[in-house]
Amino acid sequence: MMSQVAGYLLLPVLPEIFLSGMAMLLLLIGAYLGANVTRLILGLSIFTLVCTAAIILLLPAGRVETFGGSFVLDDFAKFLKVLALAGSAVTLLLSIEFLEVESRRIFEYAILVMLSSVGMMVLISAGDLILLYLGLELMSLALYVVAASDRDNGKSTEAGLKYFVLGALSSGMLLYGASLIYGFTGTVGFAGIAAAATQGSIGLVFGLVFLLAGLCFKVSAVPFHMWTPDVYEGAPTPITAFFASAPKVAAMAVFTRVALTAFPGITPQWQQVVVFVSIASMVLGSFAAIGQSNIKRLMAYSSIGHMGFALVGLAAGTVEGAQGVLTYVTIYVTMTLGTFAIILAMKRNGVAVEQLSDFAGLSQTNPTLAFFMAALLFSLAGIPPLAGFFAKYYVFIAAIKAGLFTLAVIGVVASVVGAYYYLYIIKLMYFDEPAGAVEPMRVELRAVLAATGVFNILYVFHPAPLVSAAMTAAKSLF
(Lines give C-alpha, C1' and ligand atoms only; values in the text may rest on other atoms or scores of the structure.)
Protein backbone atom coordinates (compact mmCIF):
# COMPACT_ATOMS: atom_id res chain seq x y z
CA MET A 1 0.00 0.00 0.00
CA MET A 2 2.79 2.41 0.96
CA SER A 3 4.64 1.65 -2.26
CA GLN A 4 1.50 2.42 -4.28
CA VAL A 5 1.09 5.77 -2.50
CA ALA A 6 4.77 6.60 -3.06
CA GLY A 7 4.47 5.62 -6.72
CA TYR A 8 1.43 7.87 -7.16
CA LEU A 9 3.23 10.78 -5.49
CA LEU A 10 6.45 10.37 -7.47
CA LEU A 11 5.05 9.48 -10.90
CA PRO A 12 4.42 13.13 -11.93
CA VAL A 13 8.00 14.05 -10.97
CA LEU A 14 9.58 11.01 -12.64
CA PRO A 15 11.12 13.09 -15.49
CA GLU A 16 12.73 15.49 -13.00
CA ILE A 17 14.04 12.62 -10.87
CA PHE A 18 15.47 10.87 -13.94
CA LEU A 19 17.16 14.01 -15.26
CA SER A 20 18.57 14.96 -11.84
CA GLY A 21 19.85 11.42 -11.25
CA MET A 22 21.56 11.28 -14.64
CA ALA A 23 23.13 14.70 -14.04
CA MET A 24 24.60 13.47 -10.75
CA LEU A 25 25.83 10.25 -12.39
CA LEU A 26 27.52 12.14 -15.23
CA LEU A 27 29.07 14.52 -12.70
CA LEU A 28 30.65 11.57 -10.89
CA ILE A 29 31.92 10.11 -14.17
CA GLY A 30 33.42 13.46 -15.15
CA ALA A 31 35.02 14.01 -11.75
CA TYR A 32 36.55 10.53 -11.87
CA LEU A 33 37.78 10.51 -15.48
CA GLY A 34 38.57 14.22 -15.96
CA ALA A 35 38.18 16.62 -18.87
CA ASN A 36 38.98 13.95 -21.47
CA VAL A 37 35.39 12.70 -21.30
CA THR A 38 33.82 16.08 -22.12
CA ARG A 39 32.64 14.88 -25.55
CA LEU A 40 31.20 11.65 -24.06
CA ILE A 41 29.34 13.54 -21.32
CA LEU A 42 28.01 16.00 -23.89
CA GLY A 43 26.62 13.15 -26.00
CA LEU A 44 25.11 11.39 -22.99
CA SER A 45 23.57 14.66 -21.82
CA ILE A 46 21.81 15.18 -25.16
CA PHE A 47 20.59 11.56 -25.05
CA THR A 48 19.33 12.06 -21.47
CA LEU A 49 17.40 15.21 -22.39
CA VAL A 50 15.74 13.39 -25.29
CA CYS A 51 14.85 10.43 -23.02
CA THR A 52 13.40 12.82 -20.44
CA ALA A 53 11.16 14.37 -23.09
CA ALA A 54 10.03 10.87 -24.11
CA ILE A 55 9.17 10.03 -20.47
CA ILE A 56 7.04 13.19 -20.25
CA LEU A 57 5.11 12.21 -23.38
CA LEU A 58 4.51 8.70 -22.00
CA LEU A 59 3.07 9.89 -18.67
CA PRO A 60 -0.70 9.38 -18.19
CA ALA A 61 -2.98 12.02 -19.67
CA GLY A 62 -4.94 14.46 -17.53
CA ARG A 63 -4.13 16.78 -14.66
CA VAL A 64 -2.23 15.35 -11.69
CA GLU A 65 -1.14 17.20 -8.55
CA THR A 66 1.34 15.97 -5.99
CA PHE A 67 3.09 17.21 -2.83
CA GLY A 68 -0.10 18.89 -1.63
CA GLY A 69 -0.76 20.70 -4.90
CA SER A 70 2.73 22.22 -5.07
CA PHE A 71 3.60 20.30 -8.22
CA VAL A 72 1.14 20.24 -11.14
CA LEU A 73 1.42 18.03 -14.20
CA ASP A 74 -1.07 18.89 -16.93
CA ASP A 75 -1.09 19.28 -20.70
CA PHE A 76 0.25 22.83 -20.35
CA ALA A 77 3.25 21.58 -18.35
CA LYS A 78 3.93 18.68 -20.71
CA PHE A 79 3.86 20.89 -23.80
CA LEU A 80 6.30 23.44 -22.41
CA LYS A 81 8.59 20.92 -20.72
CA VAL A 82 9.13 19.10 -24.00
CA LEU A 83 9.82 22.43 -25.72
CA ALA A 84 12.31 23.51 -23.01
CA LEU A 85 14.10 20.14 -23.16
CA ALA A 86 14.28 20.38 -26.95
CA GLY A 87 15.84 23.84 -26.63
CA SER A 88 18.41 22.55 -24.13
CA ALA A 89 19.30 19.52 -26.27
CA VAL A 90 19.75 21.62 -29.42
CA THR A 91 21.90 24.08 -27.44
CA LEU A 92 24.22 21.25 -26.41
CA LEU A 93 24.37 20.16 -30.04
CA LEU A 94 25.40 23.69 -31.00
CA SER A 95 28.10 23.61 -28.29
CA ILE A 96 30.14 20.70 -29.71
CA GLU A 97 32.68 22.91 -31.49
CA PHE A 98 32.90 25.33 -28.54
CA LEU A 99 33.91 22.48 -26.19
CA GLU A 100 36.50 21.06 -28.59
CA VAL A 101 38.97 23.84 -27.76
CA GLU A 102 41.38 22.47 -25.17
CA SER A 103 40.98 25.36 -22.72
CA ARG A 104 37.18 24.91 -22.81
CA ARG A 105 36.98 21.17 -22.21
CA ILE A 106 34.80 21.57 -19.18
CA PHE A 107 32.57 18.53 -18.67
CA GLU A 108 30.52 20.48 -16.11
CA TYR A 109 29.08 22.62 -18.91
CA ALA A 110 26.63 19.96 -20.14
CA ILE A 111 25.74 18.99 -16.56
CA LEU A 112 24.94 22.62 -15.69
CA VAL A 113 22.64 22.80 -18.71
CA MET A 114 20.92 19.61 -17.49
CA LEU A 115 20.48 20.98 -13.96
CA SER A 116 19.16 24.25 -15.35
CA SER A 117 16.69 22.17 -17.37
CA VAL A 118 15.54 20.47 -14.15
CA GLY A 119 14.89 23.94 -12.72
CA MET A 120 12.90 24.87 -15.82
CA MET A 121 10.76 21.74 -15.51
CA VAL A 122 10.07 22.43 -11.82
CA LEU A 123 9.24 26.05 -12.67
CA ILE A 124 6.80 25.03 -15.41
CA SER A 125 4.98 22.66 -13.01
CA ALA A 126 5.00 25.01 -9.99
CA GLY A 127 1.65 25.07 -8.20
CA ASP A 128 2.65 27.40 -5.39
CA LEU A 129 4.99 30.30 -4.72
CA ILE A 130 7.58 28.22 -2.87
CA LEU A 131 8.13 25.73 -5.69
CA LEU A 132 8.09 28.61 -8.15
CA TYR A 133 11.03 30.21 -6.34
CA LEU A 134 12.92 26.93 -5.97
CA GLY A 135 12.56 26.17 -9.69
CA LEU A 136 13.55 29.71 -10.65
CA GLU A 137 16.72 29.63 -8.55
CA LEU A 138 17.74 26.14 -9.70
CA MET A 139 17.40 27.32 -13.29
CA SER A 140 19.14 30.64 -12.70
CA LEU A 141 22.13 29.52 -10.60
CA ALA A 142 23.28 27.19 -13.37
CA LEU A 143 22.78 29.97 -15.95
CA TYR A 144 24.99 32.37 -13.97
CA VAL A 145 27.84 29.85 -14.11
CA VAL A 146 27.54 28.90 -17.79
CA ALA A 147 27.47 32.60 -18.77
CA ALA A 148 30.99 32.89 -17.34
CA SER A 149 32.19 29.45 -18.47
CA ASP A 150 34.74 30.79 -21.00
CA ARG A 151 37.22 31.58 -18.26
CA ASP A 152 39.90 33.03 -20.56
CA ASN A 153 37.49 35.60 -21.96
CA GLY A 154 36.98 38.80 -19.96
CA LYS A 155 33.66 39.52 -21.65
CA SER A 156 32.29 36.12 -20.62
CA THR A 157 33.28 36.70 -16.98
CA GLU A 158 31.72 40.16 -17.08
CA ALA A 159 28.51 38.72 -18.57
CA GLY A 160 28.24 36.13 -15.79
CA LEU A 161 28.82 38.75 -13.09
CA LYS A 162 26.26 41.18 -14.51
CA TYR A 163 23.70 38.43 -14.87
CA PHE A 164 24.31 37.24 -11.30
CA VAL A 165 24.05 40.69 -9.68
CA LEU A 166 20.90 41.72 -11.56
CA GLY A 167 19.44 38.21 -11.15
CA ALA A 168 19.87 38.46 -7.38
CA LEU A 169 18.07 41.81 -7.43
CA SER A 170 15.15 40.34 -9.40
CA SER A 171 14.95 37.36 -7.04
CA GLY A 172 14.68 39.73 -4.11
CA MET A 173 11.83 41.60 -5.78
CA LEU A 174 10.05 38.34 -6.57
CA LEU A 175 10.42 37.11 -2.98
CA TYR A 176 9.16 40.40 -1.59
CA GLY A 177 6.11 40.18 -3.85
CA ALA A 178 5.52 36.56 -2.83
CA SER A 179 5.68 37.49 0.87
CA LEU A 180 3.12 40.27 0.36
CA ILE A 181 0.81 37.90 -1.52
CA TYR A 182 1.13 35.33 1.28
CA GLY A 183 0.49 38.01 3.90
CA PHE A 184 -2.72 39.21 2.28
CA THR A 185 -4.13 35.81 1.23
CA GLY A 186 -2.80 33.50 3.97
CA THR A 187 -1.65 30.85 1.46
CA VAL A 188 1.14 30.19 -1.04
CA GLY A 189 -0.80 27.77 -3.29
CA PHE A 190 -2.09 29.17 -6.58
CA ALA A 191 -5.54 27.64 -6.04
CA GLY A 192 -5.79 29.15 -2.54
CA ILE A 193 -4.58 32.53 -3.79
CA ALA A 194 -7.20 32.45 -6.57
CA ALA A 195 -9.93 31.74 -3.99
CA ALA A 196 -8.75 34.53 -1.68
CA ALA A 197 -7.89 37.11 -4.33
CA THR A 198 -11.38 37.84 -5.61
CA GLN A 199 -11.09 41.44 -4.38
CA GLY A 200 -7.91 43.28 -5.36
CA SER A 201 -6.69 44.90 -2.14
CA ILE A 202 -3.85 47.42 -2.44
CA GLY A 203 -1.40 45.16 -0.63
CA LEU A 204 -2.20 42.19 -2.87
CA VAL A 205 -1.79 44.29 -6.03
CA PHE A 206 1.58 45.56 -4.75
CA GLY A 207 2.67 41.97 -4.15
CA LEU A 208 1.49 40.97 -7.62
CA VAL A 209 3.44 43.84 -9.22
CA PHE A 210 6.66 42.81 -7.45
CA LEU A 211 6.11 39.16 -8.38
CA LEU A 212 5.55 40.03 -12.03
CA ALA A 213 8.62 42.30 -11.96
CA GLY A 214 10.77 39.34 -10.95
CA LEU A 215 9.30 37.25 -13.76
CA CYS A 216 9.77 40.09 -16.27
CA PHE A 217 13.50 39.95 -15.58
CA LYS A 218 13.61 36.30 -16.60
CA VAL A 219 11.81 36.91 -19.90
CA SER A 220 13.90 40.06 -20.62
CA ALA A 221 10.84 42.30 -20.66
CA VAL A 222 11.18 46.09 -20.37
CA PRO A 223 11.97 47.71 -17.93
CA PHE A 224 13.89 44.71 -16.57
CA HIS A 225 15.81 44.02 -19.78
CA MET A 226 19.06 45.83 -18.86
CA TRP A 227 21.16 42.68 -18.58
CA THR A 228 20.16 41.17 -21.90
CA PRO A 229 22.33 42.97 -24.53
CA ASP A 230 25.53 42.80 -22.46
CA VAL A 231 25.05 39.17 -21.41
CA TYR A 232 24.10 38.06 -24.93
CA GLU A 233 27.18 39.75 -26.38
CA GLY A 234 29.62 38.68 -23.67
CA ALA A 235 28.59 35.05 -23.17
CA PRO A 236 29.94 32.42 -25.59
CA THR A 237 27.62 32.15 -28.61
CA PRO A 238 26.23 28.64 -27.85
CA ILE A 239 25.32 29.84 -24.35
CA THR A 240 23.68 32.95 -25.78
CA ALA A 241 21.57 30.60 -27.92
CA PHE A 242 20.63 28.76 -24.72
CA PHE A 243 19.64 31.99 -22.93
CA ALA A 244 17.50 32.98 -25.91
CA SER A 245 15.56 29.70 -26.06
CA ALA A 246 14.89 27.24 -23.21
CA PRO A 247 14.90 29.60 -20.16
CA LYS A 248 12.55 31.95 -22.02
CA VAL A 249 10.13 29.03 -22.45
CA ALA A 250 10.14 28.25 -18.72
CA ALA A 251 9.82 31.89 -17.65
CA MET A 252 6.95 32.56 -20.06
CA ALA A 253 5.27 29.36 -18.85
CA VAL A 254 5.29 30.38 -15.20
CA PHE A 255 4.30 33.96 -16.14
CA THR A 256 1.23 32.55 -17.89
CA ARG A 257 0.37 30.02 -15.16
CA VAL A 258 0.66 32.55 -12.33
CA ALA A 259 -1.47 35.17 -14.08
CA LEU A 260 -4.21 32.83 -15.28
CA THR A 261 -4.48 30.35 -12.40
CA ALA A 262 -3.48 32.33 -9.29
CA PHE A 263 -5.10 35.69 -10.10
CA PRO A 264 -8.12 35.10 -12.36
CA GLY A 265 -10.28 37.17 -9.98
CA ILE A 266 -8.22 40.35 -10.42
CA THR A 267 -7.50 40.10 -14.14
CA PRO A 268 -7.94 43.87 -14.81
CA GLN A 269 -5.16 44.65 -12.31
CA TRP A 270 -2.49 42.33 -13.73
CA GLN A 271 -3.69 42.97 -17.27
CA GLN A 272 -2.62 46.61 -16.94
CA VAL A 273 0.87 45.55 -15.92
CA VAL A 274 1.18 43.03 -18.75
CA VAL A 275 -0.12 45.51 -21.35
CA PHE A 276 2.43 48.14 -20.24
CA VAL A 277 5.31 45.66 -20.23
CA SER A 278 4.25 44.25 -23.58
CA ILE A 279 4.08 47.66 -25.29
CA ALA A 280 7.37 48.81 -23.76
CA SER A 281 9.14 45.61 -24.82
CA MET A 282 7.80 45.68 -28.38
CA VAL A 283 8.70 49.34 -28.88
CA LEU A 284 12.16 49.20 -27.31
CA GLY A 285 13.00 45.90 -29.02
CA SER A 286 12.01 47.38 -32.39
CA PHE A 287 13.78 50.74 -32.12
CA ALA A 288 16.88 49.92 -30.04
CA ALA A 289 18.02 47.15 -32.39
CA ILE A 290 18.25 49.53 -35.36
CA GLY A 291 21.56 51.05 -34.23
CA GLN A 292 23.30 47.76 -33.40
CA SER A 293 26.36 46.57 -35.33
CA ASN A 294 26.92 43.31 -33.41
CA ILE A 295 24.62 40.44 -34.43
CA LYS A 296 24.39 39.05 -30.87
CA ARG A 297 23.35 42.42 -29.43
CA LEU A 298 20.83 42.73 -32.24
CA MET A 299 19.43 39.29 -31.34
CA ALA A 300 19.21 40.44 -27.71
CA TYR A 301 16.96 43.35 -28.63
CA SER A 302 15.08 41.08 -31.00
CA SER A 303 14.46 38.72 -28.07
CA ILE A 304 13.15 41.60 -25.94
CA GLY A 305 10.74 42.57 -28.71
CA HIS A 306 9.55 39.01 -29.26
CA MET A 307 8.80 38.52 -25.57
CA GLY A 308 6.69 41.66 -25.81
CA PHE A 309 4.76 40.14 -28.71
CA ALA A 310 4.24 36.91 -26.75
CA LEU A 311 2.89 38.91 -23.79
CA VAL A 312 0.20 40.36 -26.09
CA GLY A 313 -1.46 36.92 -25.97
CA LEU A 314 -1.20 36.75 -22.19
CA ALA A 315 -2.71 40.23 -21.84
CA ALA A 316 -5.88 38.91 -23.49
CA GLY A 317 -6.40 36.60 -20.47
CA THR A 318 -8.34 34.06 -22.55
CA VAL A 319 -7.89 30.50 -23.81
CA GLU A 320 -7.11 31.88 -27.28
CA GLY A 321 -4.54 34.20 -25.73
CA ALA A 322 -2.83 31.35 -23.86
CA GLN A 323 -2.84 29.29 -27.06
CA GLY A 324 -1.24 32.24 -28.86
CA VAL A 325 1.50 32.47 -26.22
CA LEU A 326 2.33 28.77 -26.54
CA THR A 327 2.37 28.84 -30.33
CA TYR A 328 4.44 32.03 -30.35
CA VAL A 329 7.05 30.70 -27.95
CA THR A 330 7.39 27.46 -29.92
CA ILE A 331 7.94 29.23 -33.24
CA TYR A 332 10.24 31.79 -31.59
CA VAL A 333 12.49 29.02 -30.26
CA THR A 334 12.85 27.45 -33.73
CA MET A 335 13.61 30.82 -35.36
CA THR A 336 16.17 31.73 -32.71
CA LEU A 337 18.03 28.41 -32.65
CA GLY A 338 18.24 28.38 -36.45
CA THR A 339 19.62 31.93 -36.51
CA PHE A 340 22.23 31.10 -33.88
CA ALA A 341 23.29 28.03 -35.86
CA ILE A 342 24.15 30.42 -38.71
CA ILE A 343 25.90 32.87 -36.36
CA LEU A 344 28.04 29.97 -35.08
CA ALA A 345 28.83 28.97 -38.67
CA MET A 346 30.15 32.46 -39.50
CA LYS A 347 33.89 31.81 -39.24
CA ARG A 348 36.76 33.15 -41.29
CA ASN A 349 40.27 31.75 -40.83
CA GLY A 350 39.11 29.95 -37.69
CA VAL A 351 37.87 33.15 -36.07
CA ALA A 352 34.17 33.73 -35.32
CA VAL A 353 32.77 36.93 -36.84
CA GLU A 354 29.84 38.70 -35.20
CA GLN A 355 29.57 42.09 -36.91
CA LEU A 356 26.67 42.75 -39.27
CA SER A 357 29.16 43.88 -41.91
CA ASP A 358 30.57 40.34 -41.95
CA PHE A 359 27.33 39.14 -43.59
CA ALA A 360 27.98 41.33 -46.64
CA GLY A 361 27.77 39.39 -49.92
CA LEU A 362 27.07 36.07 -48.21
CA SER A 363 24.68 35.11 -51.05
CA GLN A 364 27.63 35.07 -53.47
CA THR A 365 30.02 33.05 -51.31
CA ASN A 366 27.51 30.71 -49.66
CA PRO A 367 24.04 30.94 -51.28
CA THR A 368 22.50 28.12 -49.18
CA LEU A 369 23.47 29.76 -45.90
CA ALA A 370 22.22 33.12 -47.14
CA PHE A 371 18.89 31.59 -48.24
CA PHE A 372 18.19 30.02 -44.83
CA MET A 373 19.35 33.16 -43.00
CA ALA A 374 17.01 35.26 -45.13
CA ALA A 375 14.11 32.85 -44.50
CA LEU A 376 14.66 32.94 -40.72
CA LEU A 377 15.01 36.73 -40.71
CA PHE A 378 11.81 37.12 -42.73
CA SER A 379 10.13 34.79 -40.23
CA LEU A 380 11.45 36.82 -37.27
CA ALA A 381 10.09 39.94 -38.96
CA GLY A 382 6.67 38.29 -39.32
CA ILE A 383 6.55 38.24 -43.12
CA PRO A 384 3.92 35.84 -44.56
CA PRO A 385 3.75 32.97 -45.34
CA LEU A 386 6.54 32.02 -42.89
CA ALA A 387 5.90 30.67 -39.39
CA GLY A 388 6.75 33.96 -37.66
CA PHE A 389 3.79 35.65 -39.36
CA PHE A 390 1.35 33.11 -37.89
CA ALA A 391 2.94 33.45 -34.43
CA LYS A 392 2.09 37.16 -34.43
CA TYR A 393 -1.28 36.57 -36.06
CA TYR A 394 -2.43 34.27 -33.21
CA VAL A 395 -1.54 36.72 -30.42
CA PHE A 396 -2.94 39.78 -32.23
CA ILE A 397 -6.24 38.03 -32.98
CA ALA A 398 -6.52 37.00 -29.30
CA ALA A 399 -5.91 40.62 -28.24
CA ILE A 400 -8.52 41.93 -30.69
CA LYS A 401 -11.10 39.40 -29.47
CA ALA A 402 -10.41 40.56 -25.89
CA GLY A 403 -11.01 44.17 -26.89
CA LEU A 404 -7.34 45.25 -26.63
CA PHE A 405 -7.36 47.12 -29.95
CA THR A 406 -4.72 49.70 -29.02
CA LEU A 407 -2.31 46.97 -27.92
CA ALA A 408 -2.80 45.09 -31.20
CA VAL A 409 -2.28 48.24 -33.31
CA ILE A 410 0.90 49.18 -31.43
CA GLY A 411 2.10 45.60 -31.88
CA VAL A 412 1.58 45.74 -35.64
CA VAL A 413 3.37 49.10 -35.89
CA ALA A 414 6.29 47.83 -33.77
CA SER A 415 6.48 44.76 -35.98
CA VAL A 416 6.78 46.95 -39.08
CA VAL A 417 9.54 49.04 -37.46
CA GLY A 418 11.37 45.90 -36.31
CA ALA A 419 11.31 44.51 -39.84
CA TYR A 420 13.85 47.22 -40.80
CA TYR A 421 16.86 45.68 -39.09
CA TYR A 422 16.03 42.16 -40.29
CA LEU A 423 15.70 43.44 -43.86
CA TYR A 424 18.95 45.39 -43.47
CA ILE A 425 20.87 42.13 -42.90
CA ILE A 426 19.17 40.58 -45.95
CA LYS A 427 20.18 43.65 -47.98
CA LEU A 428 23.79 43.19 -46.81
CA MET A 429 23.78 39.51 -47.83
CA TYR A 430 22.26 39.99 -51.28
CA PHE A 431 23.26 43.46 -52.48
CA ASP A 432 26.66 44.30 -50.94
CA GLU A 433 30.14 43.27 -52.01
CA PRO A 434 31.36 40.02 -50.36
CA ALA A 435 33.33 40.44 -47.15
CA GLY A 436 35.04 37.10 -47.77
CA ALA A 437 34.14 33.42 -47.83
CA VAL A 438 33.14 31.70 -44.60
CA GLU A 439 34.33 28.25 -43.58
CA PRO A 440 32.19 25.16 -44.43
CA MET A 441 29.34 24.58 -42.01
CA ARG A 442 29.74 21.77 -39.48
CA VAL A 443 27.39 18.78 -39.65
CA GLU A 444 25.57 19.45 -36.36
CA LEU A 445 24.99 23.11 -37.28
CA ARG A 446 23.72 22.01 -40.68
CA ALA A 447 21.25 19.60 -39.05
CA VAL A 448 19.88 22.27 -36.68
CA LEU A 449 19.60 24.82 -39.49
CA ALA A 450 17.86 22.35 -41.82
CA ALA A 451 15.29 21.36 -39.17
CA THR A 452 14.48 24.90 -38.03
CA GLY A 453 14.61 26.42 -41.51
CA VAL A 454 12.34 23.81 -43.06
CA PHE A 455 9.88 24.13 -40.14
CA ASN A 456 9.60 27.89 -40.61
CA ILE A 457 9.27 27.68 -44.39
CA LEU A 458 6.79 24.78 -44.55
CA TYR A 459 4.73 25.57 -41.43
CA VAL A 460 2.06 27.27 -43.55
CA PHE A 461 1.20 23.95 -45.23
CA HIS A 462 0.47 22.00 -42.03
CA PRO A 463 0.00 24.20 -38.93
CA ALA A 464 -2.68 21.97 -37.37
CA PRO A 465 -0.50 19.75 -35.11
CA LEU A 466 1.11 22.69 -33.30
CA VAL A 467 -2.10 24.74 -33.11
CA SER A 468 -4.17 21.83 -31.72
CA ALA A 469 -1.46 20.83 -29.21
CA ALA A 470 -1.22 24.45 -28.03
CA MET A 471 -5.01 24.68 -27.68
CA THR A 472 -5.14 21.45 -25.63
CA ALA A 473 -2.36 22.75 -23.39
CA ALA A 474 -4.03 26.16 -22.99
CA LYS A 475 -7.40 24.64 -22.06
CA SER A 476 -5.79 22.73 -19.18
CA LEU A 477 -5.18 26.07 -17.42
CA PHE A 478 -8.87 27.04 -17.39
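This text gives an overview of the structure that appears in the document. Since this is a predicted model, take the numbers as computed values, not measurements. (Residues numbered from 1 in each chain as written. Predicted model: local features only at pLDDT ≥ 70, side-chain atom pairs only at ≥ 80, totals over all residues. Heavy atoms only, no water.)

1. Here we look at the nonpolar core
- With 173 residues, the main nonpolar core has Phe-243 and Phe-263 as its most contacted residues.
- Filtering out sequence-adjacent residues up to four positions away, Phe-243 remains in contact with Leu-143, Val-146, Ala-147, Tyr-163, Val-231, Tyr-232, Ala-235 and Lys-248. (Core = buried A, V, L, I, M, F, W, Y, C linked by side-chain atoms within 4.5 Å. Buried < 20%, exposed > 50% of the residue type's maximum accessible area, 1.4 Å probe, protein only. Contact = heavy atoms within 4.5 Å.)

2. Considering the pattern of salt bridges
- Counting across every chain of the model gives 15 salt bridges.
- In this structure, the salt-bridge partner of Glu-16 is Lys-81, at a minimum N-O distance of 2.7 Å. Taken as a pair, Glu-16 in helix α2 (residues 14-33) and Lys-81 in helix α4 (residues 75-94) lie far apart in primary sequence, 65 residues in all. Each member of the pair, Glu-16 together with Lys-81, is buried.
- The salt bridge partner of Arg-63 is Asp-74, with a shortest N-O separation of 3.5 Å. (Salt bridge = Lys/Arg side-chain N within 4 Å of Asp/Glu carboxyl O. Helix = DSSP H or I, 4+ residues; strand = E, 2+ residues; numbered from the N terminus.)

3. So, the side chain of Ser-415
- Tracing the chain through its elements places Ser-415 in helix α20 (residues 405-431).
- The class for Ser-415 is buried, based on a relative accessible area of 12%.
- In this structure the side chain of Ser-415 is engaged in a polar contact, spanning 3.5 Å, whose partner is the backbone oxygen of Ala-381.
- Apart from residues lying up to four places away in sequence, Ser-415 is in contact with Phe-309, Ala-381 and Lys-392. (Polar contact = N/O pair within 3.5 Å; in protein donor to acceptor, adjacent residues only side chain to side chain.)

4. Some points on unusual backbone geometry
- Geometrically, the link from Val-222 to Pro-223 is a cis peptide bond, its omega value of 10 degrees lying close to zero.
- Inspection of the secondary structure puts Pro-223 in the loop between α10 (202-218) and α11 (227-234).
- The phi dihedral of Phe-67 is positive, around 55 degrees, even though this residue is not glycine.
- Note that Phe-67 resides in the loop between β1 (64-66) and β2 (71-73).
- With relative accessibility at 45%, the residue Phe-67 sits in the partly exposed group.

5. Considering the environment of Ser-379
- By secondary structure assignment, the location of Ser-379 is in helix α18 (residues 367-381).
- Residue classification places Ser-379 among the buried positions, given a relative accessible area of 1%.
- Along the chain, Ser-379 and Ile-331 lie 48 residues apart, while their C-alpha atoms are 9.2 Å from each other.
- In this structure, Ser-379 is in contact with Met-335, Leu-386, Ala-387, Gly-388, Phe-389 and Asn-456, ignoring residues within four places of it in sequence.

6. Focus: a nonpolar patch on the surface
- There is a patch of nonpolar side chains on the surface, built from Val-283, Phe-287, Ile-290, Tyr-420 and Tyr-424 and spanning about 460 Å² of accessible area.
- At the level of secondary structure, the elements contributing two or more residues to the nonpolar patch comprise α14 (267-288) and α20.
- Relative to the helices and strands, Ile-290 is located in the loop between α14 and α15 (295-316).
- Assessed through its relative accessible area of 36%, Ile-290 is described here as partly exposed. (Patch = residues over 30% accessible without salt bridge, like charges linked within 9 Å, V, L, I, M, F, W, Y side chains within 5 Å. Areas by Shrake-Rupley, 256 points an atom, 1.4 Å probe, with all protein chains shown as cover.)

7. Some points on the packing of α18 against helix α21 (residues 443-458)
- The geometry of α18 relative to α21 is characterised by a closest axis approach of 10 Å and an angle of 50 degrees between their N-to-C directions. With respect to each other, α18 and α21 are oriented oblique. In terms of crossing hand, the pair formed by α18 and α21 is left-handed. Of the residues in α21, those in contact with Leu-369, Phe-371, Phe-372, Ala-375, Leu-376 and Ser-379 of α18 are Leu-449, Thr-452, Gly-453, Val-454, Asn-456 and Ile-457.
- In terms of residue class, the contact of α18 with α21 is built from eight nonpolar, four polar and no charged. (Axes fitted to C-alpha atoms, helices over the stretch in contact; angles between N-to-C directions. Parallel < 35°, antiparallel > 145°, perpendicular 65-115°, else oblique. Left-handed = near helix turned anticlockwise from the far one by under 90°. Nonpolar A, V, L, I, M, F, W, Y, C, P; charged D, E, K, R; others polar.)

8. Some points on the packing of α2 against helix α3 (residues 38-58)
- For the pair α2 and α3, the least separation of the axes is 9 Å and the interaxial angle reads 170 degrees. Here α2 is positioned roughly antiparallel relative to α3, judged by the angle of their axes. Between α2 and α3, the residues in contact are Leu-14, Pro-15, Phe-18, Leu-19, Met-22, Leu-26 and Gly-30 and Ile-41, Leu-44, Ser-45, Thr-48, Leu-49, Cys-51, Thr-52, Ile-55 and Ile-56, respectively.
- When the residues that make up the contact of α2 with α3 are grouped by side-chain class, the tally is 12 nonpolar, four polar and no charged.

9. Details of the environment of Ile-106
- With respect to the secondary-structure elements, Ile-106 resides in the loop between α5 (96-100) and α6 (108-124).
- Among the residues examined, Ile-106 registers a relative accessible area of 11% and is labelled buried.
- Between the C-alpha atoms of Ile-106 and Leu-449, which are 343 residues apart in sequence, the distance is 26 Å.

10. As for the packing of aromatic side chains
- Scanning all chains against the criterion turns up 19 aromatic pairs.
- When the centroid spacing of 4.6 Å and the interplanar angle of 20 degrees are considered together, the rings of Tyr-163 and Trp-227 count as stacked. Of this pair, Tyr-163 sits in helix α8 (residues 154-185) while Trp-227 sits in helix α11, and the two are 64 residues apart along the sequence. Take Tyr-163 and Trp-227: they sit in the same class, and that class is buried.
- Measuring from ring centre to ring centre gives 5.2 Å for Phe-389 and Phe-390, while their planes differ by 80 degrees; the resulting arrangement is edge-to-face.
- Among the aromatic residues, those joined into a ring-pair cluster are Tyr-144, Tyr-163, Phe-164, Phe-217, Trp-227, Tyr-232 and Phe-243.
- Across from the ring centre of Phe-309, 4.5 Å away, lies the NZ or CZ of Lys-392, which sits over that ring. (Phe/Tyr/Trp six-rings, centres within 6.5 Å; stacked < 30°, edge-to-face > 60°. Lys NZ or Arg CZ within 6 Å of the ring centre and 35° of its normal.)

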